[in-house]
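So the chains spell out like this:
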There are 2 protein chains.
Amino acid sequence: MNATDPQPGTTRPHTGRRRNEAAHQAILDAALRLLAESDGTPVTIDAIARTAGVGKQTVYRWWPSKGAVLLDALADRADQAAPAPSTGDLRADLRTFIATTFDGAQRGTTAPALRTLAREAARDPHLAELMQTFTASRRTALRELLTRGRERGELAEDADLDLIVDQVYGLFWYRFLLGHAPLTADIADHLATTLITGNA
Amino acid sequence: MNATDPQPGTTRPHTGRRRNEAAHQAILDAALRLLAESDGTPVTIDAIARTAGVGKQTVYRWWPSKGAVLLDALADRADQAAPAPSTGDLRADLRTFIATTFDGAQRGTTAPALRTLAREAARDPHLAELMQTFTASRRTALRELLTRGRERGELAEDADLDLIVDQVYGLFWYRFLLGHAPLTADIADHLATTLITGNA
DNA sequence: TGTTTGTCGAGACTGTTAGTCTTGTCAAGT
DNA sequence: ACTTGACAAGACTAACAGTCTCGACAAACA
């Protein structure tokens, strides 16, 4: 190490042209629009760059892979993820959580975007990992909701909380991706009731 | 139409070299082996043809797409799909059906092959459609099992059978594809019980 | 004002893969 | 022998992810 090496904790003063925030946003917007308009066809980086009026290299300067861009584009929107409800009534909280999940995924143009993202994740291990950390927080929120209910005695001591969580998200993704049957508030209501009564 | 057109119901006598059944089987074997050995990496047609010692065109002479080959390779094995049990006890029949499904998907080298196939189907609409007709027969078998139980009064008249079916397959695919939690006989047992008691 | 540094848009380039096309060979029937 | 069509080999096209290069430009600093 000599005097010209960068020092830990110190940062060389910035020089050169600054990053263009407008380009960043244009890329995200283009990705989201293409994702939403996609009929299941994969969204390409070329298309995103062209739509955003940006060079491909600019995309790769900000994100490490196509999947990262797509996830980021959708994450903006999902950051408004509702906090888990906690009214003190497990069945009502669970019902609200499930209904909110169903609704959030299907509201506006989110559905085709999320579907396309999931399909891409099936063949892109990098994206799959990113997506898993993203969905993990919702799984945790649901699990904590159930834990609170169990502590209040609304669920059996030995109830398999992970199984209940997987039953919710299993049904959700199965119907969401295949699209052969609806995900309505009625279904959410029914699900909340049966999942609790079967494990109380 | 004139006299040289092929007549419906008549077939011009076959001429030329006959199809090589050995090549057909070699392709299927190669596809199944590569599918089973795959660590999630997509299986390529070139690899199948090379492994089978066959020209690529020979593959495409017999199957319309890569997906069709892969599905066919796996379908051979799954044809041994167990018939739906019918003992007269809904809970026992349902438990057996679910446990058989879990077990069949995980026995031997089937699991990685089926996982790879499902991942490919996520981005290949042609394969997705083929796979859907394939899985539809199992869904129907399960639905009929439930219908018989309902006729015996073991399920409420207004029980949502499609929802129960989707809950079974939703959980199955969710855990099977993500692999974060097991699909054991215990789970099958628990599932059979709660799905019935919640809808009885 | 001019120099340095690093981003910008544009697009050429590489590597991979599905699916098609070509070629010369070989087997089954006439 | 001759015709027909399957065969193995592999060249070819079209997409696409990701890298590399280039000349232009913008921000700091001298």
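Data block above holds the structure.
What counts and how
- Residues numbered from 1 in each chain as written.
- Chains lettered and ligands numbered in written order.
- Predicted model: local features only at pLDDT ≥ 70, side-chain atom pairs only at ≥ 80, totals over all residues.
- Heavy atoms only, no water.
- Least-squares fit on C-alpha atoms with pLDDT ≥ 70 in both.
- Contact = heavy atoms within 4.5 Å.
- Near = heavy atom within 4 Å.
- Polar contact = N/O pair within 3.5 Å; in protein donor to acceptor, adjacent residues only side chain to side chain.
- Helix = DSSP H or I, 4+ residues; strand = E, 2+ residues; numbered from the N terminus.
- Nonpolar A, V, L, I, M, F, W, Y, C, P; charged D, E, K, R; others polar.
- Phe/Tyr/Trp six-rings, centres within 6.5 Å; stacked < 30°, edge-to-face > 60°.
- Buried < 20%, exposed > 50% of the residue type's maximum accessible area, 1.4 Å probe, protein only.
- Lys NZ or Arg CZ within 6 Å of the ring centre and 35° of its normal.
- 1 Å grid on protein atoms, 1.4 Å probe; cavity = no way out; pocket = protein on both sides within 12 Å on 5 of 7 lines; lining within 4 Å.
- Points joined across faces, edges and corners; volume = space filled by probe spheres on them.
- Buried area = accessible area lost by both parts, 1.4 Å probe.
- Salt bridge = Lys/Arg side-chain N within 4 Å of Asp/Glu carboxyl O.

## Remarks on the relation of the copies chain A and chain B
Relating one copy of the chain to the other takes a rotation about an axis and a shift parallel to that axis.
Consideration 1: Each copy superposes on the other: chain A lies on chain B with an RMSD of 0.1 Å after a rotation of 179° and an axial shift of 0.0 Å. Expressed as an axis order, the relation between the two copies is that of a two-fold axis. Across chain A, the rotation axis passes nearest the C-alpha of G170 of chain A, at a separation of 2.2 Å.
Consideration 2: Interface overlap between copies: 100% of the residues of chain A at the interface are likewise at the interface in chain B, consistent with a symmetric, same-surface contact.

## Considerations on the protein's contact with DNA strand C
Consideration 1: Near DNA strand C lie 25 residues; those nearest to it are G16 and T58 of chain A together with K56, Q57 and K66 of chain B.
Consideration 2: Each atom of DNA strand C within 4 Å of the protein belongs either to a base or to sugar and phosphate, the latter forming 65%.
Consideration 3: Within the side chain of K56 of chain B, one N or O atom sits 2.5 Å away from a base oxygen of DNA strand C.
Consideration 4: Measuring from a base nitrogen of DNA strand C, one finds a side-chain N or O atom of Q57 of chain B at 2.6 Å.
Consideration 5: Going through the elements one at a time, helix 3 (56-62) of chain A together with helix 3 (56-62) of chain B are the ones with two or more residues in the surface near DNA strand C.
Consideration 6: In terms of residue count, helix 3 of chain A provides more of the surface near DNA strand C than any other element does, five residues in total.
Consideration 7: Considering only residue class, the surface near DNA strand C consists of five nonpolar, 10 polar and 10 charged.

## Side note on the packing of aromatic side chains
All names here are of chain A.
Consideration 1: Under the defined criterion, the tally for this structure stands at 10 aromatic pairs over all chains.
Consideration 2: Each ring, one from F172 and one from F176, has its centre 5.4 Å from the other, and the planes form 20°; the classification is stacked. Here the residue F172 and the residue F176 both occupy positions in helix 8 (residues 161-178), the gap between them amounting to four residues, near one helical turn.
Consideration 3: Overall, F176 belongs to the buried group, its relative accessible area being 2%.
Consideration 4: In this arrangement the basic side chain of R115 is found over the ring face of F176, its NZ or CZ atom lying 4.6 Å from the centre.

## Considering the environment of G88 of chain A
All names here are of chain A.
Consideration 1: On the secondary structure map, G88 appears in the loop between helix 4 (66-78) and helix 5 (90-106).
Consideration 2: For the pair formed by G88 and R152, sequence separation is 64 residues and the distance between their alpha carbons is 8.3 Å.
Consideration 3: Residues within four places of G88 in sequence aside, it is in contact with D93, R152 and E154.

## Structural notes on empty space enclosed by the protein
Consideration 1: Applying the stated criterion across every chain, the model contains one cavity of 30 Å³ or more.
Consideration 2: Taken as a whole, the largest cavity encloses approximately 50 Å³ of empty space.
Consideration 3: The wall of the largest cavity is formed by Q167, T194, L195 and N199 of chain A together with Q167, T194, L195 and N199 of chain B.
Consideration 4: When contributions to the lining of the largest cavity are tallied by element, the ones reaching two or more residues are helix 9 (185-197) of chain A together with helix 9 (185-197) of chain B.

## A short note on the protein's contact with DNA strand D
Consideration 1: Around DNA strand D, the structure places 23 residues, and the nearest of them are R18, K56 and Q57 of chain A together with N20 and T58 of chain B.
Consideration 2: Sugar and phosphate atoms constitute 65% of the interface atoms of DNA strand D, taking the interface as everything within 4 Å of the protein.
Consideration 3: Contacts to DNA strand D include R17 of chain B, whose backbone N or O atom sits 3.4 Å from a sugar or linking oxygen.
Consideration 4: One nitrogen or oxygen atom from the main chain of G53 of chain B is found 3.5 Å from a phosphate oxygen belonging to DNA strand D.
Consideration 5: Of all the secondary-structure elements, those providing two or more residues to the surface near DNA strand D are helix 3 of chain A together with helix 3 of chain B.
Consideration 6: Tallied by class, residues from the surface near DNA strand D come to five nonpolar, nine polar and nine charged.

## Details of the interface of chain A and chain B
Consideration 1: Contacts between the two partners involve 29 residues from chain A and, on the opposite side, 29 residues from chain B.
Consideration 2: Summed over both sides, the interface of chain A with chain B buries roughly 2,500 Å², with 55% coming from carbon and sulfur.
Consideration 3: The largest contributions to the chain A side of the interface with chain B come from R123, L163 and Y174 of chain A, which together make up 27% of the buried area.
Consideration 4: Counting across the chain A and chain B interface gives four salt bridges.

None of this, on its own, says anything about what the molecule does.
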